[in-house]
Amino acid sequence: LTSGLESAWNKLKGEEVLTKENIVEPMRDIRRALLEADVSLPVVRRFVQAVSDQAVGVGLIRGVKPDQQLVKIVNEELVKLMGGEVSELVFAKSGPTVILLAGLQGVGKTTVSAKLAYYLKKQGKSCMLVAGDVYRPAAIDQLVILGEQVAVPVYTAGTEVKPSEIARQGLNEAKKKKVDVVIVDTAGRLQIDRGMMDELKDVKRVLNPTEVLLVVDAMTGQEAAALVTTFNIEIGITGAILTKLDGDSRGGAALSVKEVSGKPIKLVGRGERMEDLEPFYPDRMAGRILGMGDVLSFVEKAQEVMQQEDAEELQKKIMSAKFDFNDFLKQTRAVARMGSMTRVLGMIPGMGKVTPAQVREAEKSLKIMEGMIEAMTPEEREKPELLAESPTRRKRIAQDSGKTEQQVSQLVAQLFQMRVRMKNLMGVMEGGSIPALSN
Ligand code: GDP
Ligand code: MG
């Protein structure tokens, strides 16, 4: 999508204003880029029309570069297309809030059920999960295990009871226990079929849910529009959850949901871990589609794990080239804690995809580094120069941590390299120097 859009902007370089004529070619690129990103055709048509109308409307404003103007309009229209604002979950005024999850098989309903419970628990709400997928015993076990992981009770009634009956029992149980939110997981099929729809209708009738969220795999592509439309007409949904946004999705589903159903995407899943569920931010998604990278999400995530003071402290140290092994440890641990590094790196513009094997490799080398740093004296940690100067010290650390002297030397060299790299990154041009380790 990004490269297609770039060629659209490039076609406007050198133009003075946006006109009906000079936007024809760029709009064709935008249209093609959207179609390639699996946005459904009717949505693309309406989008292109909206952007064209806007663009020609502002065509007379002089002094603003037309390509920037078009980027801005496309961005605004993308945000609008995806609902504009963040759509919060709705909670019941009295009694438990009931959230019913629906969707095709394998899209991530069961995972989302547990993630959502975890997400709401962090907001101070008590939750209960209901195992409503009676077709596969494994599905019940899966929810029970995930429920244990996030320490949320799971109501099960085996595979012999009708889903609507399980829903009724589960809801009663939740009322008895006075939990704030009941999340009901349901069965999915590979394709939309009558049986699934009728069953969901029964479950919905029994529950009278506050939210009916359609779980959509971000990789769904073109079919997302039809899928959302059908579920909305048949069951009546209140919103959607887009899963697997960490994959190679081209974003088409994200752009179609609101436009075809009038219902917003409320949350997105970005990985297999329980932490990987976030609100859906239309403006960030638009930025991501336009190739600016999901920088805001990244910054937020980084701040969560690294306290503000820590970050400022670190920045000062980097500026003054005092970055030592304590900081090194703090920083590498913070990165590890950011969870799936794949995801974090994927958010940085210009970073390629990182494979799970690379992530495991990085985690392994963090372990090794930790061992060596722990074997250092406090003084050595604060003054890495001591280690650069003294082979005896390096030898002692190698012995104490069970690593080779070469590994210790590498670590020391790495710290100095990092000092230089970070200084450069901060825009301090003189950088530092990397000492040669004495033997
Ligand atoms: P269900 O059939 O709809 O209940 O789907 P599941 O919850 O069982 O998920 C199917 C598979 O997708 C599992 O292997 C999940 O770990 C995986 N999955 C779910 N959500 C995500 C996500 O956001 N990202 C990634 N990468 N995998 C996910
Ligand atoms: Mg399931």
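Residues numbered from 1 in each chain as written. Chains lettered and ligands numbered in written order. Predicted model: local features only at pLDDT ≥ 70, side-chain atom pairs only at ≥ 80, totals over all residues.

The name given to the chain in an unreviewed UniProt entry is signal-recognition-particle GTPase, with the source organism recorded as Acer yangbiense. Taken verbatim from the UniProt record of the chain, the Catalytic activity (unreviewed entry) comment is "GTP + H2O = GDP + phosphate + H(+)". Here is the UniProt Sequence similarities (unreviewed entry) comment for the chain, exactly as written: "Belongs to the GTP-binding SRP family. SRP54 subfamily." (UniProt positions renumbered as here; feature names shortened; annotations may be inferred.)

Participant: A description of the site of ligand 1 should follow, citing residues and the corresponding values.
Facilitator: Among the 18 residues in the neighbourhood of ligand 1, the closest are listed as Gly108, Lys109, Thr110, Thr111 and Gly269. Of the residues contributing to the shell around ligand 1, the split by class is 1 nonpolar, 11 polar and 6 charged. (Near = placed C-beta within 6 Å. Nonpolar A, V, L, I, M, F, W, Y, C, P; charged D, E, K, R; others polar.)

Participant: An account of the pairing of strand 4 (residues 181-186) is requested, with residue identities and associated values reported.
Facilitator: Of all 6 residues that make up strand 4, 6 are buried, and the element is covered over most of its length. Alternating positions in strand 4 separate into two faces, Val181, Ile183 and Asp185 on one and Val182, Val184 and Thr186 on the other, with burial throughout. Note: strand 1 (residues 97-102) against strand 4, 4 bridges, orientation parallel. By the bridge assignment, Thr97 is partnered in strand 4 with Val181. The pairing of strand 2 (residues 127-132) with strand 4 spans 6 bridges and is classified as parallel. Looking at strand 4, one finds that Ala131 is bridged to Asp185. (Buried ≥ 20, exposed ≤ 12 C-beta atoms within 10 Å, placed from the backbone. Helix = DSSP H or I, 4+ residues; strand = E, 2+ residues; numbered from the N terminus. Pairing = 2+ DSSP bridges.)

Participant: Could you give an account of unusual backbone geometry, naming the residues involved and the relevant values?
Facilitator: A negative phi holds for most residues other than glycine; trans holds for most peptide bonds. The phi angle at Lys178 is positive, at roughly 55°, despite the residue not being glycine. Position of Lys178 relative to the elements: it lies in the loop between helix 7 (163-177) and strand 4. You can call Lys178 exposed: it has 9 C-beta atoms within 10 Å. In this structure, Asn208 is a non-glycine residue whose phi angle is positive, near 45°. Residue Asn208 is classed as exposed on the basis of its 11 C-beta neighbours within 10 Å.

Participant: How would you explain the nonpolar core if you had to name every residue and give the values?
Facilitator: Counting residues in each nonpolar core, the largest one holds 93 residues, and the members touching the most others are Leu129, Ile183, Val184, Val216 and Leu242. Residue-level mapping places this core at the junction of two domains, with at least three residues from each of domain 1 (2-81) and domain 2 (97-291). Setting aside its immediate chain neighbours within four residues, Leu129 contacts Ser113, Ala114, Ala117, Leu143, Gly147, Val152, Val154, Tyr155, Ile183 and Asp185. Core analysis: the second largest hydrophobic core is formed by 12 residues, Met369, Met376, Ile397 and Leu411 among them. (Core = buried A, V, L, I, M, F, W, Y, C linked by C-beta atoms within 7 Å. Domains from an automatic or database assignment. Contact = placed C-beta atoms within 7 Å.)

Participant: Account for helix 19 (residues 391-401), with residues named and values stated.
Facilitator: For the α-helix, the turn length of 3.6 residues means that residues three or four positions removed from each other point alike. Of all the residues in helix 19, the buried ones are Arg394, Ile397 and Ser401. An end-on view of helix 19 places all buried positions within 60° of arc, on one side of the element. Summarising the geometry of helix 19, the exposed residues directed more than 90 degrees from the buried face are Thr392 and Lys395. Backbone geometry just after helix 19 places Gly402 at a positive phi near 70°. (Arc of directions from axis to C-beta.)

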